[in-house]
Structures are given as structure tokens and as C-alpha cells.
Amino acid sequence: MDEINDRFCRKFIDDLFRKYDLDGDNVLDSREIKLWMQKEIKDKPLRRRVAEREFKILTSKVDSNFDGKIDKWELYDYCMRNYEEV
């Protein structure tokens, strides 16, 4: 099970950072996080406020050192603790 979670989380994070880590520093800063959020809620206009709130909650849970950024390790740790195979 941990191996499946590990593979899923690594792929998810690699794909996410490939898309949104514009400067390639393995950290999503506030600008890059905002791009991620905008993409995620783009097709959900009726649920935009809910999506924005949920995204902010997620970001606050992932940013374990409270620097306003999300690095790969923070996201991996969060993913491994919260991933449930469907």
C-alpha cells in the first residue's frame, strides 16, 4: 500500500511542479500557487468561492513551515498522509 501511495504521490507532485514551478526551484511560491488555483477552478464558475476557500485550506495544511510556499517535500508528506486509493 505504501508503495502504491508513494508512486501516486511522486507522479502527482512531479506533474504539478512541471506545470506550475515556473522558475524550476522545486518550490511553489505565491504566484505559482495562484496559477495552480486558477487552473483548478477555471472550469468551476458556480463553485468558484468554495473552490478558492478549499484551496486556501489545503495550502495552509501543506505549508508546514509557514513560509507561504510549498516545496516538494511538504507536498509529498501531505500526500502520503492523506492519499486514499479509490
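What you see is a predicted model; the values in this text were computed from it and never measured.

Caption draft 1: A look at the confidence of the model for the protein. When the pLDDT values of the protein are averaged, the result is 86; 90% of them are 70 or greater. Helix α3 (residues 48–62) is the least confidently modelled element of the protein, averaging 80 in pLDDT, while strand β1 (residues 27–28) averages 95, the highest of any element.

Caption draft 2: Molecular detail of the state of the cysteines. Counting across every chain of the model gives 1 disulfide. There is a disulfide in this structure between Cys9 and Cys79, and the S-S distance comes to 2.1 Å. Residues Cys9 and Cys79 share a disulfide whose torsion about the S-S bond is about -85 degrees; that sign makes it left-handed. Taken as a pair, Cys9 in helix α1 (residues 2–20) and Cys79 in helix α4 (residues 72–82) lie far apart in primary sequence, 70 residues in all.

Caption draft 3: Representation of the pattern of salt bridges within the structure. Per the counting criterion, the structure on display carries 6 salt bridges. Close ionic contact of Arg7 with Glu3 constitutes a salt bridge, the shortest N to O distance being 3.0 Å. Of this pair, Arg7 and Glu3 both sit in helix α1, 4 residues apart, which is roughly one turn of that helix. Here Asp77 makes a salt bridge to Arg81, at a shortest N to O gap of 3.2 Å. Placement of both Asp77 and Arg81 in helix α4 is noted, with a separation of 4 residues, approximately one turn of the helix. Arg81 sits in the exposed class, given a relative accessible area of 53%. Beyond isolated ion pairs, a larger network of salt bridges with shared partners links Lys11, Asp15 and Arg18.

Thresholds applied
- Residues numbered from 1 in each chain as written.
- Predicted model: local features only at pLDDT ≥ 70, side-chain atom pairs only at ≥ 80, totals over all residues.
- Heavy atoms only, no water.
- pLDDT = per-residue confidence, 0-100.
- Helix = DSSP H or I, 4+ residues; strand = E, 2+ residues; numbered from the N terminus.
- Disulfide = S-S within 2.5 Å.
- Salt bridge = Lys/Arg side-chain N within 4 Å of Asp/Glu carboxyl O.
- Buried < 20%, exposed > 50% of the residue type's maximum accessible area, 1.4 Å probe, protein only.

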